[in-house]
Amino acid sequence: MKRRLRPGIGWLVLVACSASACASAPERATREGVQSLAREIETTAAGEGREDDVLERYVAMAAARSPEVRAALERYRAAVHRIAPSRRLPDPMLELGLYVWNSDEGGAVTPAKLGLRQEFPWPTGPRAEAEAAIAEAMVQRRLVEALLLDVRAQIAEELYRLWLLERLRAIQAEQLEVLRGLSESTLGGLAAGTATLADRQQVELALARLEDTVAGLEVRAQMAEARLRALVSAAPDEALPRVSSLPSPALPGEDEEALRAAAKAHPYLASFEAGAEAADRAAKSRRAAR
């Protein structure tokens, strides 16, 4: 509901105070939040001091190159920038008035009158709309945090898979050397009469199966590396950090309450709570505008 009132000093002060919710603590915290999150992502992308942590180095590459992370951060920044216009007063209107009259005796035009008109919303309107915009910005922040965790989880999964395949290939390569040595021994034994043809064929069959297994591990390792390159947006010819050792995976506690608390604290689930709050704030804003 909008009312046209003569802009007295008291009313102007009241509207200015209500509209100055722009400088409220929640909005300042939201602005500082987007700046701190951007600095955190830039710090992660820099990757300083992480030469010994392969996982962190890959996460740093993804933070610096991932278009999804950048797009989510810009959506968050845009939501923060929408807070200030939401509490802004309506634009003033410049009015020009003329009165033209005509009669049997003649006609005339009154002098032009120039005026400035400003509509003042109900005092709670700008505050409610700003609170709705702040809540929507919080939704975007939670989505950025959830995306960063998801990227880290995907990179960790591919790194552990690649590390496991490397270890399996090393073990199978040692077994190949053993079987090749045994194949040469059976070949000499066959010539000396100490081994039969069946022994020779059995060793060759085991050797062929193991070679197929090693070839399959090689293909799986190439697939894992390709997925890892896609996650960090690396070029096909770019050298990636080698996975020599990884920390032991952290297993969740068996306490059900601890698991529930950890799941509830996940940013993706928190985004739904923030979305519900944003919807409530938007409803209050519409009621205030009504």
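Residues numbered from 1 in each chain as written. Predicted model: local features only at pLDDT ≥ 70, side-chain atom pairs only at ≥ 80, totals over all residues. Heavy atoms only, no water.

### Observations concerning the overall build of the protein chain
Argument step 1. In terms of regular secondary structure, the protein chain is built from nine helices and four strands.
Argument step 2. In the protein chain, the succession of helices and strands from N to C terminus is α-α-α-α-α-β-β-β-β-α-α-α-α.
Argument step 3. Taken over 290 residues, the protein chain has a buried fraction of 31%.
Argument step 4. Within the protein chain, contacts between residues at least 6 apart in sequence are counted, and of these 76% link residues at least 24 apart.
Argument step 5. As presented, the protein chain carries roughly 18700 Å² of accessible surface, and 57% of it is formed by carbon and sulfur atoms. (Helix = DSSP H or I, 4+ residues; strand = E, 2+ residues; numbered from the N terminus. Buried < 20%, exposed > 50% of the residue type's maximum accessible area, 1.4 Å probe, protein only. Contact = heavy atoms within 4.5 Å. Areas by Shrake-Rupley, 256 points an atom, 1.4 Å probe, with all protein chains shown as cover.)

### Some words on the pattern of salt bridges
Argument step 1. Inspection of the entire model under this criterion finds 16 salt bridges.
Argument step 2. Arginine 152 is the salt-bridge partner of glutamate 56, the closest N and O atoms lying 2.6 Å from each other. Of this pair, glutamate 56 sits in helix 3 (residues 54-65) while arginine 152 sits in helix 6 (residues 124-192), and the two are 96 residues apart along the sequence.
Argument step 3. Owing to a relative accessible area of 17%, glutamate 56 belongs among the buried residues under this scheme. (Salt bridge = Lys/Arg side-chain N within 4 Å of Asp/Glu carboxyl O.)

### What to know about unusual backbone geometry
Argument step 1. Residues other than glycine seldom take positive phi values, yet serine 233 does so here, at roughly 55 degrees.
Argument step 2. Tracing the backbone shows serine 233 in the loop between helix 7 (197-232) and helix 8 (256-264).

### Considerations on the nonpolar core
Argument step 1. Counting 38 residues, the largest nonpolar core has Ile41, Tyr58, Tyr76, Ile155, Leu159 and Val232 as its most contacted members.
Argument step 2. For this core, the elements supplying multiple residues, two or more each, are helix 2 (25-46), helix 3, helix 4 (67-81), helix 6 and helix 7.
Argument step 3. In terms of residue count, the dominant contributor to this core is helix 6 (eleven residues).
Argument step 4. Residue contacts for isoleucine 155: discarding those within four places in its chain leaves Leu55, Tyr58, Val59, Ala62, Leu228, Leu231 and Val232. (Core = buried A, V, L, I, M, F, W, Y, C linked by side-chain atoms within 4.5 Å.)

### Considerations on a nonpolar patch on the surface
Argument step 1. On the surface, a nonpolar cluster with roughly 520 Å² of combined accessible area is contributed by Leu94, Leu96, Leu114 and Leu116.
Argument step 2. Going through the elements one at a time, strand 1 (93-97) and strand 4 (113-117) are the ones with two or more residues in the nonpolar patch.
Argument step 3. Residue position: leucine 116 is located in strand 4.
Argument step 4. The exposure class assigned to leucine 116 is exposed, which follows from its relative accessible area of 67%. (Patch = residues over 30% accessible without salt bridge, like charges linked within 9 Å, V, L, I, M, F, W, Y side chains within 5 Å.)

### A look at the confidence of the model for the protein chain
Regions with low pLDDT should not have their predicted coordinates read in detail.
Argument step 1. Mean pLDDT over the protein chain stands at 77; residues scoring 70 or higher make up 80%.
Argument step 2. Confidence drops under a pLDDT of 50 for residues 1-22, and excluding neighbours within four residues, the segment shows 28 contacts in the predicted structure. (pLDDT = per-residue confidence, 0-100.)

### Here we look at helix 9 (residues 267-289)
Argument step 1. Given a rise of 1.5 Å per residue, 23 residues ought to cover 33 Å, and the 32 Å separating the end C-alpha atoms of helix 9 matches this to within 8%.
Argument step 2. For helix 9, every residue scored as buried is listed here: Pro267, Ala270, Ser271, Ala274, Ala278, Ser285 and Ala288. (Expected span 1.5 Å × (residues − 1).)

### So, the environment of alanine 137
Argument step 1. Take alanine 137: it is sitting in helix 6.
Argument step 2. With 137 residues separating them in the primary sequence, alanine 137 and alanine 274 have C-alpha atoms 9.0 Å apart.

### A short note on the environment of glutamate 157
Argument step 1. With respect to the helices and strands, the residue glutamate 157 is situated in helix 6.
Argument step 2. Placed 71 residues apart in sequence, glutamate 157 and leucine 228 show a C-alpha to C-alpha distance of 9.3 Å.

### Regarding the packing of helix 3 against helix 7
Argument step 1. Close contact between helix 3 and helix 7 brings their axes to 7 Å; oriented N to C, the two are set at 50 degrees. Classified by the angle their axes make, helix 3 and helix 7 are oblique. Only Leu228, Leu231 and Val232 of helix 7 make contact with helix 3, whose side of the interface consists of Tyr58, Met61, Ala62 and Arg65.
Argument step 2. Across the contact of helix 3 with helix 7, the residue classes tally to six nonpolar, no polar and one charged. (Axes fitted to C-alpha atoms, helices over the stretch in contact; angles between N-to-C directions. Parallel < 35°, antiparallel > 145°, perpendicular 65-115°, else oblique. Nonpolar A, V, L, I, M, F, W, Y, C, P; charged D, E, K, R; others polar.)

### Let's talk about the environment of alanine 64
Argument step 1. Here alanine 64 is to be found in helix 3.
Argument step 2. By relative accessible area, which is 39% here, alanine 64 ends up partly exposed.
Argument step 3. Residues alanine 64 and threonine 43, spaced 21 residues apart in sequence, show a C-alpha to C-alpha distance of 9.5 Å.

### Focus on the side chain of threonine 186
Argument step 1. Topologically, threonine 186 is positioned in helix 6.
Argument step 2. At 2.8 Å, the side chain of threonine 186 forms a polar contact with the backbone oxygen of serine 183.
Argument step 3. For threonine 186, the contacting residues outside a window of four places in its chain are Ala195, Arg200 and Val203. (Polar contact = N/O pair within 3.5 Å; in protein donor to acceptor, adjacent residues only side chain to side chain.)

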